[in-house]
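These are the residues of each chain, in order.
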Amino acid sequence: MMTKENPTSLIVIFGATGDLAKRKLYQSLYRLYKNGSISKNFAVVGVARRPLTNEDFRANVAKSVNGAASGNADVEEFSSHFYYQPFDVTSSESYQQLKSLSSSLDQEYQTNGNRMFYLAMAPEFFGTIASNLKAEGLTDTTGFKRLVIEKPFGHSLPTAKELNEEIRGAFHESEIYRIDHYLGKEMVQNIEVIRFANALFEPLWNNRYISNIQITSSEVLGVEDRGRYYENSGALRDMVQNHMLQMVALLAMEPPIKLNPEEIRSEKVKVLRALRQIDQSEVDQYFVRGQYSAGMIEEERVPGYREENSVDPASNTETYVAGKLVIDNFRWAGVPIYIRTGKRMSSKSTKVVVQFKDIPMNLYYNRGEKVDPNLLVIHIQPDEGITLHLNAKKSGKDITTTPIKLDYSNNCIDGINTPEAYERLIFDAMRGDMTNFTHWDEVALSWSFIDQVSKAWESTTAEDFPNYEAGSVGPKKADELLKRDGFHWWNV
Ligand SMILES: NC(=O)C1=CN([C@@H]2O[C@H](COP(=O)(O)OP(=O)(O)OC[C@H]3O[C@@H](n4cnc5c(N)ncnc54)[C@H](OP(=O)(O)O)[C@@H]3O)[C@@H](O)[C@H]2O)C=CC1
Ligand SMILES: O=C1O[C@H](COP(=O)(O)O)[C@@H](O)[C@H](O)[C@H]1O
């Protein structure tokens, strides 16, 4: 059930000393606290193995929030809501201690018995924690109980099913908030509004007027210290199975009859069901994989993937994926959706380019003029905005054309302070809004599509790896994928 007033809850963060908690969760909670989105009736219990005191933990939280250990009264007040418990996820005693601490904090902060369990830990613990929370009685509470679960949700369809069964033994689907942080991004949320609040676009949003759609998410960072996780994941599982397919679903779905989580999900699910399954033998026609070698980024030499910590020197893991997706339904028949994502690329950028079909006849070709297709570019990050590429008359006596751009930039709006994706998602989970979380049906369909590709790649060695230099735009083969269809990537 969704609540409108400022939510109140006890939040238990599993993995409270980890990277995600430090980089994202504490800052997001602080922003929610500062802007009054959450009530002051909240407490956070952080759990992890290392033996910290409440004071140590509060100092760490304060440091994550303002980069300094102390000195800001607001931050001090905020961090006084934080408690720490050294924890072993397999020990019944740990859960019993947590239960008793939770009950006393429920009372002290008058949280109405609302409990949110945030699993910011390695995925192998997700099932164990969920079952123990139930077995040890932490989910027997008078208010709501919610499980917020980080990615990756499984490693394949069978492992995701297993995990799902485990957590569904303790939490109902309506209590499970599977995080896909791209769904918390301002401009990803804007896709729906651009499409459904503009008379201009919706009539054109189909195979009669659109020739192809391109979604790019490139990163400058390499795998950093996540080599162990990444070796087992690769870009396909890390980015495509979740973030990229979610963006595809939002771009391709039919208008929902209402903007509620059930109706939106139902339309997204239909897109994922219509995604043409690729046979393992056809993977090379639809997908390109890449791995970075050493190269220069911002004038600094960076190592190749195979030289990174915890990475096999002969690794077959992809750090780049480009793919052509086909949606077999009336709206999208014949319109390829190209996706690409990679680490150690030349720039950090996520954007969607919708390329419209050429005009039926180029009246200007006699003058040797090429008229560019119209493009709608949705800038997701780091810039947030929309650009519409059109053609107009070049100023002067002659009727000649020139490309022009209509730009809308979120960043330029005075006073705008776009919430960080995690800030929105934590807030939504606290007030019970599941719209921007992934339902099991979406997860299952995404895995069933991805599994064919990963099986093909795991059963063959990528002889050309490494095949793109750090700091470049990715492997050449990714250009050929589009060239075969008469297109090219728009670097706009
Ligand atoms: N970091 C990121 O940017 C992102 C992370 N994620 C996901 O978030 C989750 C956490 O990632 P991240 O923060 O990077 O991971 P880290 O390795 O940085 O943190 C893991 C946390 O788990 C704790 N921990 C490990 N083993 C145990 C145990 N047996 N019992 C209790 N606590 C334990 C660790 O603390 P201690 O050592 O003290 O026990 C630490 O707090 C993962 O699922 C990841 O995929 C998702 C998107 C982005
Ligand atoms: O989920 C993940 O996303 C990040 C990229 O997120 P962004 O918000 O910075 O675009 C990626 O670096 C990471 O490998 C992946 O696990």
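Residues numbered from 1 in each chain as written. Chains lettered and ligands numbered in written order. Predicted model: local features only at pLDDT ≥ 70, side-chain atom pairs only at ≥ 80, totals over all residues. Heavy atoms only, no water.

An unreviewed UniProt entry lists the protein chain under the name Glucose-6-phosphate 1-dehydrogenase, from Sutcliffiella tianshenii.

Undergrad: What exactly am I supposed to notice about the overall build of the protein chain here?
TA: Of regular secondary structure, the protein chain possesses 14 helices and 18 strands. Relative to a compact globule of 492 residues, whose C-alpha radius of gyration would be 23 Å, the protein chain shows 24 Å and is just as compact. By its C-alpha atoms, the protein chain is 80 × 50 × 45 Å across when sized along the principal axes. When each of the 492 residues of the protein chain is scored for burial, the buried share is 55%. Partitioning the intrachain contacts of the protein chain with sequence separation of at least 6 by distance along the chain shows that 77% fall at a separation of at least 24. Taking the average location of the 56 positive side-chain charges in the protein chain and that of its 66 negative ones, the two points are 4 Å from each other. (Helix = DSSP H or I, 4+ residues; strand = E, 2+ residues; numbered from the N terminus. Rg over C-alpha atoms; globule rule 2.2 N^0.38 Å. Buried < 20%, exposed > 50% of the residue type's maximum accessible area, 1.4 Å probe, protein only. Contact = heavy atoms within 4.5 Å. Lys, Arg positive; Asp, Glu negative; His and termini not counted. Charge placed at Lys NZ, Arg CZ, Asp CG, Glu CD.)

Undergrad: What am I meant to see in the site of ligand 1 here?
TA: The immediate surroundings of ligand 1 are formed by 21 residues, with Thr17, Asp19, Arg23, Arg49 and Arg50 found nearest. Contact between ligand 1 and Gly15: an oxygen atom at 3.3 Å from a main-chain N or O atom of the residue. At 2.8 Å from an oxygen atom of ligand 1 is found a main-chain nitrogen or oxygen belonging to Met121. Considering ligand 1 on its own, with 890 Å² of exposed area, one finds that the protein chains cover 81% of that surface. With three residues, helix 1 (residues 19–34) is the single largest residue contributor to the shell around ligand 1. (Near = heavy atom within 4 Å. Polar contact = N/O pair within 3.5 Å; in protein donor to acceptor, adjacent residues only side chain to side chain. Areas by Shrake-Rupley, 256 points an atom, 1.4 Å probe, with all protein chains shown as cover.)

Undergrad: Please explain the side chain of Glu192 as it appears in this structure.
TA: Among the secondary structure elements, Glu192 is positioned in helix 7 (residues 186–196). For Glu192, the contacting residues outside a window of four places in its chain are Ala197, Leu259 and Ile264.

Undergrad: Explanation requested: the site of ligand 2 in the structure shown.
TA: With respect to spatial proximity, the complete set of residues near ligand 2 consists of Lys151, His181, Tyr182, Lys185, Glu219, Arg226, Asp238, Met239, His243, Lys343, Lys348 and Gln381. One nitrogen or oxygen atom from the side chain of Lys151 is found 2.8 Å from an oxygen atom belonging to ligand 2. Here Glu219 contributes a side-chain N or O atom positioned 2.6 Å from an oxygen atom of ligand 2. Out of a free accessible area of 390 Å², ligand 2 has 82% covered by protein chains. Counted by class, the shell around ligand 2 contains two nonpolar, three polar and seven charged residues. (Nonpolar A, V, L, I, M, F, W, Y, C, P; charged D, E, K, R; others polar.)

Undergrad: Which parts of the structure should I look at to understand the packing of aromatic side chains?
TA: Counted according to the given criterion, the structure contains 25 aromatic pairs. On the numbers, 5.9 Å between centres and 80 degrees between planes, the contact of Tyr26 with Phe57 is edge-to-face. Taken as a pair, Tyr26 in helix 1 and Phe57 in helix 2 (residues 54–66) lie far apart in primary sequence, 31 residues in all. Exposure class is identical for Tyr26 and Phe57. Each is buried. Here the aromatic residues Tyr26, Tyr30, Tyr33, Phe42, Phe57, Phe78, Phe82 and Tyr84 are joined through ring pairs into a cluster of three or more. When the ring centre of Phe144 is taken as reference, the NZ or CZ atom of Arg146 above it lies at 3.6 Å. In this structure, Arg289 packs its charged tip against the face of Phe465, placed 5.9 Å from the ring centre. (Phe/Tyr/Trp six-rings, centres within 6.5 Å; stacked < 30°, edge-to-face > 60°. Lys NZ or Arg CZ within 6 Å of the ring centre and 35° of its normal.)

Undergrad: It is not clear to me how the packing of helix 1 against helix 2 should be interpreted in this structure. Could you clarify?
TA: Across the interface, helix 1 lies against helix 2 with an axial gap of 8 Å and an inter-helix angle of 85 degrees. The angle between the axes of helix 1 and helix 2 places the two elements in the roughly perpendicular class. Across from Lys22, Tyr26, Gln27 and Tyr30 in helix 1, the residues of helix 2 making contact are Phe57, Val61, Ser64 and Val65. A breakdown of the residues in the contact of helix 1 with helix 2 according to their chemical character gives five nonpolar, two polar and one charged. (Axes fitted to C-alpha atoms, helices over the stretch in contact; angles between N-to-C directions. Parallel < 35°, antiparallel > 145°, perpendicular 65-115°, else oblique.)

Undergrad: Where do I start with the nonpolar core in this structure?
TA: Soluble globular proteins tend to bury their nonpolar side chains together. By size, the foremost hydrophobic cluster in this structure holds 103 residues, and its most contacted members are Phe14, Ile215, Phe287 and Leu376. Among the elements that take part in this core, helix 9 (residues 234–252) stands out by supplying eleven residues, more than any other. Excluding residues that lie within four positions of it along the chain, Leu376 makes contacts with Ile194, Phe201, Trp205, Val352, Val353, Val354, Phe356, Ile386, Thr387 and Leu388. Among the nonpolar cores identified, the runner-up in size contains 37 residues, and Tyr26, Ile38, Tyr177 and Tyr422 belong to it. (Core = buried A, V, L, I, M, F, W, Y, C linked by side-chain atoms within 4.5 Å.)

Undergrad: I tried to follow empty space enclosed by the protein on my own but got confused; where do I start?
TA: Gaps left between atoms are located by rolling a probe of water-molecule size over the structure's atoms. For the structure on display, the rule yields two cavities of 30 Å³ or more. In this structure, the largest cavity occupies an estimated 150 Å³ of space. Lining the largest cavity are 15 residues, and of these Phe153, Gln241, Asn242, Thr438 and Val443 sit closest to its centre. Mapped by element, the contributors of at least two residues to the lining of the largest cavity are helix 9 and helix 13 (440–458). Residues of the lining of the largest cavity, tallied by class, amount to five nonpolar, five polar and five charged. Of the pockets and cavities examined, the second largest cavity occupies roughly 120 Å³. In terms of lining residues, the second largest cavity is bounded by 13 residues, among which Arg265, Met434, Phe437, Thr438 and His439 are the most central. Listing elements by their share of the lining of the second largest cavity, those giving two or more residues are strand 6 (176–178) and helix 10 (261–274). In terms of residues, the lining of the second largest cavity owes the most to one element, helix 10, which gives four residues. Across the lining of the second largest cavity, the residue classes break down as five nonpolar, three polar and five charged. (1 Å grid on protein atoms, 1.4 Å probe; cavity = no way out; pocket = protein on both sides within 12 Å on 5 of 7 lines; lining within 4 Å. Points joined across faces, edges and corners; volume = space filled by probe spheres on them.)

Undergrad: Hey, could you run me through the pairing of strand 15 (residues 375–381) in this one?
TA: Each regular strand carries side chains that alternate between the two faces of the sheet. Counted residue by residue, strand 15 has seven buried out of seven residues, so it is predominantly covered. Strand direction decides the pairing type here: strand 14 (residues 349–356) and strand 15, joined by six bridges, are antiparallel. Counterpart to Lys351 in the pairing with strand 15 is His379. What sits between the antiparallel neighbours strand 15 and strand 16 (residues 385–393) is a turn of three residues. (Pairing = 2+ DSSP bridges.)

Undergrad: What's the story with the environment of Gly227 in this structure? I'm lost.
TA: Residue position: Gly227 is located in helix 8 (residues 227–231). Through-space distance from the C-alpha of Gly227 to that of Asn309 is 5.9 Å; in sequence the pair is 82 residues apart. Here Gly227 is in contact with Asn309, Ser310 and Val311, once residues within four sequence places are set aside.

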